[in-house]
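Topology and contacts: notes
Listed here are the chains, written in short residue letters.
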Amino acid sequence: MRYTLTLLAALPALILSAATLAQADDDVITLGASVQQTGQQANTGRYYADAYKLAIDTINAKGGVKVGDKSYKLALKLYDNQSDVNLSVRQYVQLITADKVNYLLGPFASNYALDDSSVAEKYQIPMVQGGGASGQIYARGYKYVFGTLPPAEDYYASTIDMMGKLDPKPANVALISADDSFDVSVAKGTREHLKSAGLNIVVDEKFAENNADFASILSLVKSKTPDVILWSGHETEALNFIRQMKSLDVNPKGFYAFTVGVPTADFRKALGNDANYAFGMTTWLPTDKLPDQWFGNAADFAKVYKEKFGYDPDYHAASAVADVETYAVSLAKAGSLEPPKVRDAIAAIEFDSLYAHIKYGENGQIVLPQVVVQIQNNELMPVYSTDFLNKPQYPVPAWGERK
Amino acid sequence: MLLAQIIVNGVLLGGLYGLMALGMALVWGVLNIVNLAHGAFVMLGGYIVYYLFTTLGIDPLAALPIAMALMFAFGYLLQYVVLNQIIRSAMLNTLLITFGLDVVLTYLAQLGFSADFRTIAPSYAGANFGLLGITVPVAPLAAFAIAWLLAGLTWLLLNRLPLGRAIRATAQNLVAARLYGVNPRRLYAVTFGIGAALAGASGGLYGMISHLSPYVGAPLTAKAFVIAVIGGLHNPFAVVASGLIIGIAESLAALYVGPTYANVISFGLLVLILVLRPSRALRAA
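Not measured: the values here are computed from a predicted model.

**A few points about the side chain of A:Ser185**
If you trace the backbone, A:Ser185 turns up in helix H6 (residues 181–196). Discounting chain neighbours no more than four positions away, the residues touching A:Ser185 are A:Ser134, A:Gly135, A:Gln136, A:Ala152 and A:Glu153.

Right, here's the structure in full:
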């Protein structure tokens, strides 16, 4: 009896606190995401987890988001998908059905985004993702999926454009790519770009994802003496590729380039001097020429990010921030929290962010040029976008002729 | 010429594979434990060599014995304190506990070492020399030589030393071994320690040739498992030799069948062996 009384006495308080809780929920817009925080892809996944958090905190610190007459704070519901695609799909379903998040942010990597975006489309909840670049994600006529990485098919477009202006001009190319969704798209697009530029493909080889041994492919490449190696895969594989290039003494006459790794500080650290001369690409560089409403500019962002997390951001992190900012801008434009209205607002917006000028194409994917970069004396140098930005170290010296 | 180069690549790679499988085969054969954390041991050995090299400046090859000693102590304690509790229980239990161990070690490694990629890169890591028009990389060659050396030492230990006789006796007939005064608990711990030490050595070499991250272990466990089954569990030389077979098969497959099939080849070989020689494989398991 006494317990019942206490319970009864406590009831108003309980109701009250539940009410304030609901009230609090009312003022919060929750973005849901599942990201690789552990497992094989944790190394790149961390950019997304950290950048989402930083962007949301910064936007909240500057007053949050105004939708209609009401101010909202942003919140993040983040799951660790343990580098498991199937788990990540389940987590996105959970985010929508159980956690009732308002909108979705993406995972890292094309094969994840490919599957996870289907969940967004099915439940008609917008997903803005900065981790998947494969054209397959956008080829399905989805209406609720937007992306801040440019099409994988065009990753090597600027590099191939640059090849036309190099002296001596390279002619023979070895194309080497992994067999997953993203890299298959890269290879497909690259083949077409090479063909229209009139370049010969002398080696066109695929390798198994998560493979660490390139000895066979490298021996073949060596026997064909190409001018250029264009390589597409993941960071660890790029690292192994370079190490084995050196130990098997494989020297293309012109240069060698990678889709990933080169812009990443961790990659350069792991390879040390062996990283020098490698070409790569990035959609983003931390310059003060990219103004941002919340962070000031890209250079300021890079500083804050480094201070907070202890490592340098790369384009993955900047792209992730642009995804969060897309919501902040679109929600204000939409003047409503209704997913279809927010979706239409995202499709129509245009704004400057620390990542790039954001405007989504008809299919939901952004179009951005890749800046060709090269590691010169252990520093990352932008080399080419539509014209030369800095002098490339070309042709790349053979391994035996380096200091 | 290309074919010759690819076979050389495969042989050198296979030596390292064989060394990885050596520890697993030993533990499996004597203790009847399929150690699913074996790849994690390889990873730990790699990190030990990495830190000895980068912080104390000890040459990676000189650091290998130190890593082996540390991994031996680790393996000994692990077996003595944890695994001995379940050694006589069903195979499933040992699989479960070593699987759990693998998960724990991997995530502890991410906490301790971060998910950053590391390479063990002494000046000679990328060195090579030409021989009859074939490029021979030095680090894989060293790994190859060390694999055979350690296989030889393991063989000597098992076949020529009293300790090895005790180990084999325990594996063959526990009761009889006990009657001769063998303490199986200690002996199991020693065997598991040797297995861990061999894994540690292969980890250091792997870090020199490839890269380290907390997640390199699992695929290496799978590879070591295949090689151990193909090579059998009782002859160290056969284990390393079957590493060579897998290495060559994968290298050839990568070019002539398509690299995507490298794993199909090694696991296909496993299935083939199990079908053609089930008695031997089953006795092993």
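Right, picking up where we left off after that structure.
**A few points about the nonpolar core**
Formed by 130 residues in total, the largest nonpolar core has its most connected members in A:Leu230, A:Trp231, A:Phe255 and A:Tyr355. For this core, the element with the most residues is helix H11 (residues 315–334) of chain A, which contributes eleven residues. Beyond its immediate chain neighbours, meaning those up to four positions away, A:Tyr355 contacts A:Thr148, A:Leu149, A:Pro150, A:Thr283, A:Trp284, A:Leu290, A:Tyr315, A:Ala318, A:Ser319, A:Ala322 and A:Leu368. Within the second largest apolar cluster, 81 residues are counted, among which are B:Ala25, B:Leu101, B:Ala177 and B:Tyr206.

**Some details on the confidence of the model for chain A**
Summary statistics for chain A give a mean pLDDT of 90 and a share of 94% for residues scoring 70 or more. When the criterion is pLDDT under 50, residues 11–24 of chain A qualifies, and its contacts beyond four places in sequence or with other chains add up to zero contacts.

**Some words on the packing of aromatic side chains**
A full pass over the atoms with the stated rule returns 37 aromatic pairs over all chains. Geometrically, the ring pair formed by A:Phe255 and A:Phe279 is tilted, given 4.6 Å between the ring centres and 45 degrees between the ring planes. In this pair, A:Phe255 sits in strand E10 (residues 255–258) while A:Phe279 sits in strand E11 (residues 279–282), placing the two residues 24 residues apart along the sequence. Neither residue differs from the other here; A:Phe255 and A:Phe279 are each classed as buried. The structure contains a cluster of three or more aromatic residues connected by ring pairs, namely A:Tyr47, A:Trp284, A:Phe295, A:Phe301, A:Tyr305, A:Phe309 and A:Tyr311. Positioned over the ring face of A:Tyr47 is A:Arg46, at 5.7 Å from the centre of the ring. Taking the ring centre of B:Tyr80 as reference, the NZ or CZ of B:Arg185 above it sits at 4.7 Å.

**Things to note about the domain arrangement of chain A**
Quoted interface sizes are often the accessible area lost when the parts come together. All names here are of chain A. The assigned domain composition of chain A is domain 1 (2–150 + 286–359) and domain 2 (154–282 + 370–401). In this assembly, 17 residues from domain 1 lie in contact with 15 residues from domain 2. Where domain 1 abuts domain 2, roughly 1100 Å² becomes buried across the two surfaces, and 46% of that area is made up of carbon and sulfur atoms. Of all residues in domain 1, Asn111, Pro150 and Tyr315 bury the most surface against domain 2, accounting for 32% of the area lost on that side. Connecting domain 1 to domain 2 are zero salt bridges. Taken together, domain 1 and domain 2 are joined by three residue pairs in polar contact (both at pLDDT 80 or more). With four residues, the single largest contributor to the side of domain 1 that touches domain 2 is helix H2 (residues 42–61). In the side of domain 1 that touches domain 2, the residues fall into six nonpolar, eight polar and three charged.

**Observations concerning the side chain of A:Arg243**
With respect to the helices and strands, the residue A:Arg243 is situated in helix H8 (residues 235–247). A:Asp274 provides the closest opposite charge to the buried, unpaired A:Arg243, separated from it by 5.6 Å.

**Digging into unusual backbone geometry**
Residues apart from glycine generally show negative phi values, whereas peptide bonds are mostly found in trans. Residue and element names in this part refer to chain A. For the bond from Asp167 to Pro168, the omega torsion is 0 degrees, close enough to zero to count as cis. Structurally, the position occupied by Pro168 is in the loop between helix H5 (157–163) and strand E7 (172–178). The residue Ala109 is not glycine, and still its phi comes out positive at about 80 degrees. Note that Ala109 resides in the loop between strand E4 (103–105) and helix H4 (110–123). A relative accessible area of 11% places Ala109 in the buried class. The phi torsion at Asn377 lies on the positive side, around 50 degrees, for a residue other than glycine.

**Details of a nonpolar patch on the surface**
There is a patch of nonpolar side chains on the surface, built from B:Leu3, B:Ile7, B:Tyr256, B:Val257, B:Tyr261 and B:Val264 and spanning about 570 Å² of accessible area. Within the secondary structure, B:Val264 sits in helix H11 (residues 262–276).

Quick notes on the rules
- Residues numbered from 1 in each chain as written.
- Chains lettered and ligands numbered in written order.
- Predicted model: local features only at pLDDT ≥ 70, side-chain atom pairs only at ≥ 80, totals over all residues.
- Heavy atoms only, no water.
- Helix = DSSP H or I, 4+ residues; strand = E, 2+ residues; numbered from the N terminus.
- Contact = heavy atoms within 4.5 Å.
- Core = buried A, V, L, I, M, F, W, Y, C linked by side-chain atoms within 4.5 Å.
- Buried < 20%, exposed > 50% of the residue type's maximum accessible area, 1.4 Å probe, protein only.
- pLDDT = per-residue confidence, 0-100.
- Phe/Tyr/Trp six-rings, centres within 6.5 Å; stacked < 30°, edge-to-face > 60°.
- Lys NZ or Arg CZ within 6 Å of the ring centre and 35° of its normal.
- Domains from an automatic or database assignment.
- Buried area = accessible area lost by both parts, 1.4 Å probe.
- Salt bridge = Lys/Arg side-chain N within 4 Å of Asp/Glu carboxyl O.
- Polar contact = N/O pair within 3.5 Å; in protein donor to acceptor, adjacent residues only side chain to side chain.
- Nonpolar A, V, L, I, M, F, W, Y, C, P; charged D, E, K, R; others polar.
- Lys, Arg positive; Asp, Glu negative; His and termini not counted.
- Patch = residues over 30% accessible without salt bridge, like charges linked within 9 Å, V, L, I, M, F, W, Y side chains within 5 Å.
- Areas by Shrake-Rupley, 256 points an atom, 1.4 Å probe, with all protein chains shown as cover.

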